[in-house]
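Topology and contacts: notes
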Amino acid sequence: MELAADRLRWTANGRAVVDGVTFTVPQGSFTGLIGPNGSGKSTVLRLLAGVRRPSAGRALLAGSDLRALKRREVARRAAFVAQETSTDIDMTAAQVVMLGRAPHYGRSATSEGDIRAVEEAMTTMGVRALADRSWSTLSGGERQRVNIARALAQGTPVLLLDEPTNHLDVSHRLDLMERLSGSPTTVIAALHELDLAARYCDHLVLLDAGRVVASGRPAEVLTPPLLEQVYRVRGTVGEGPDGRMDVHLAPLTHR
Ligand SMILES: Nc1ncnc2c1ncn2[C@@H]1O[C@H](COP(=O)(O)OP(=O)(O)OP(=O)(O)O)[C@@H](O)[C@H]1O
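Residues numbered from 1 in each chain as written. Predicted model: local features only at pLDDT ≥ 70, side-chain atom pairs only at ≥ 80, totals over all residues.

Looking at the sheet that holds strand E7 (residues 158–162)
Taken together, six strands build an open sheet; the order of strands is E6-E7-E8-E3-E9-E10 and the sheet is mixed. With one partner strand each, in any of the chains shown, strand E6 (78–81) and strand E10 (211–216) form the two edges of the open sheet. Taken pair by pair, the neighbouring strands of this sheet meet at an average axis angle of 15 degrees, ignoring direction. The pairing of strand E9 (residues 203–208) with E10 spans five bridges and is classified as antiparallel. (Pairing = 2+ DSSP bridges. Helix = DSSP H or I, 4+ residues; strand = E, 2+ residues; numbered from the N terminus. Axes fitted to C-alpha atoms, helices over the stretch in contact; angles between N-to-C directions.)

If you want it as structure tokens, here you go:
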């Protein structure tokens, strides 16, 4: 299922936080949303997830304006993992993952299918052993993996992830990125690690000050001039030993 931003604008206190943001996340692709702190990544994801309403422009899910869809219809098509989660939820990890099934079971009891989906998602994210643990006792990385399991259990054709590698150790980071890049699901993720974005994403959208400054294949977006212009860093881009794209970053040196 395709996802698209069409001239999205969102203002706060009279200031445009994102403005004129247009891009398409093709069906089945893994698109990385990159840009410095405060460039508008979370805001764009929230607009695309229907958590925020645009001041102008449209968020499109399979060509339909999100505003024309009911909440439940959106939740059956797209799952969203926000950047920050509350720590004081009085639930077990398994109950949190079961929340992902709510758009499917509605008011009726959970089915065998719901239980199976929860178990599968927890296995995928390596958190089955934490099923009965209280959410508030989980570590940051455990909580992040449980939260992603909740989104997977939702069983949607589209996933929107805000910094999904946050708190994850290096092996869980690589494992998650491998899974996302190999999955048929349409994925858009806000990412800070440009090396992971370069290696695993099919497309990148680079934001700066609420606007798209570049979009396309990683090699088209992660160019030394753009890295210097947007991030104020020196980037060296090449091919790694495994044939995938490699990015090395260093501070700008004064000449
Ligand atoms: N509700 C709000 N009211 C006022 N300003 C806001 C609001 N939400 C976001 N902003 C501002 O909009 C800008 C973009 O924020 P956003 O969280 O989308 O950026 P981001 O690219 O996700 O940043 P980060 O990499 O730090 O997570 C920031 O300057 C932020 O302070």
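Some details on the site of the ligand
The immediate surroundings of the ligand are formed by Ala12, Asn13, Val17, Gly35, Asn37, Gly38, Ser39, Gly40, Lys41, Ser42 and Thr43. Across the shell around the ligand, the residue classes break down as two nonpolar, eight polar and one charged. (Near = placed C-beta within 6 Å. Nonpolar A, V, L, I, M, F, W, Y, C, P; charged D, E, K, R; others polar.)

Focus on helix H5 (residues 112–124)
Its 13 residues place the ends of H5 18 Å apart at the C-alpha level, agreeing with the 18 Å of an ideal helix rising 1.5 Å per residue. Within H5 the residues assigned to the buried category are Ala117, Val118, Ala121 and Met122. Projected down its long axis, H5 carries its buried residues within an arc of 130 degrees, all on one side. With respect to the buried face of H5, the exposed residues turned more than 90 degrees away are Glu112, Gly113, Arg116 and Thr123. Contact partners of the buried residues in H5: helix H3 (93–98) and helix H6 (140–153). One or two positions beyond H5, positive phi appears at Gly126, with a value near 65 degrees. (Expected span 1.5 Å × (residues − 1). Buried ≥ 20, exposed ≤ 12 C-beta atoms within 10 Å, placed from the backbone. Arc of directions from axis to C-beta. Contact = placed C-beta atoms within 7 Å.)

Looking at the pairing of strand E3 (residues 30–34)
Buried residues dominate E3, accounting for five of its five residues. The two faces of E3 match: Phe30, Gly32 and Ile34 on one face and Thr31 and Leu33 on the other face are all buried. Examined bridge by bridge, E3 and strand E8 (residues 186–190) share four bridges and lie parallel to one another. Opposite Thr31, over in E8, you have Ile188 as the bridge partner. Taken together, the four bridges between E3 and E9 define a ladder with parallel strand orientation. Bridging from a neighbouring strand, Gly32 pairs with Leu204 of E9.

Concerning the sheet that holds strand E5 (residues 64–65)
Here we have four strands laid out as an open sheet, ordered E2-E1-E4-E5, and antiparallel in their pairing. Pairing within the sheet leaves two strands with one partner each, and these edge strands are strand E2 (15–25) and E5.

Here's the deal with the nonpolar core
Core analysis: the largest hydrophobic core is formed by 71 residues, its most contacted members being Leu48, Val97, Ala149 and Leu160. The element best represented in this core is H6, accounting for six residues. Residues within four places of Ala149 in sequence aside, it is in contact with Val97, Ala121, Met122, Thr124, Met125 and Val127. (Core = buried A, V, L, I, M, F, W, Y, C linked by C-beta atoms within 7 Å.)

A closer look at the environment of His167
Relative to the elements of secondary structure, His167 occurs in the loop between E7 and helix H7 (170–182). In this structure, the C-alpha to C-alpha distance between His167 and Leu206, residues 39 residues apart in sequence, is 23 Å. His167 has contacts with Gly140, Gly141 and Gln144, leaving out every residue within four places of it along the chain.

Regarding the pairing of strand E1 (residues 3–12)
In this structure, E1 lies alongside E2, joined through seven bridges in antiparallel fashion. Paired with Thr11 across the bridge in E2 is Ala16. The antiparallel hairpin formed by E1 and E2 contains two residues in its connecting segment, where Asn13 sits at a positive phi of about 50 degrees. In this sheet, strand E4 (residues 56–61) lies alongside E1 in antiparallel orientation, the contact comprising five bridges. Counted as the bridge partner of Ala4 is Leu60 from E4.

Some points on unusual backbone geometry
Positive phi, normally seen in glycine, also occurs at Ala62, with a value near 50 degrees. Among the structural elements, Ala62 can be located in the loop between E4 and E5. A residue is classified by how many C-beta atoms lie within 10 Å of it, and Ala62, with 15 of them, is partly exposed.

Remember, this is a structural readout, not a statement about activity or role.
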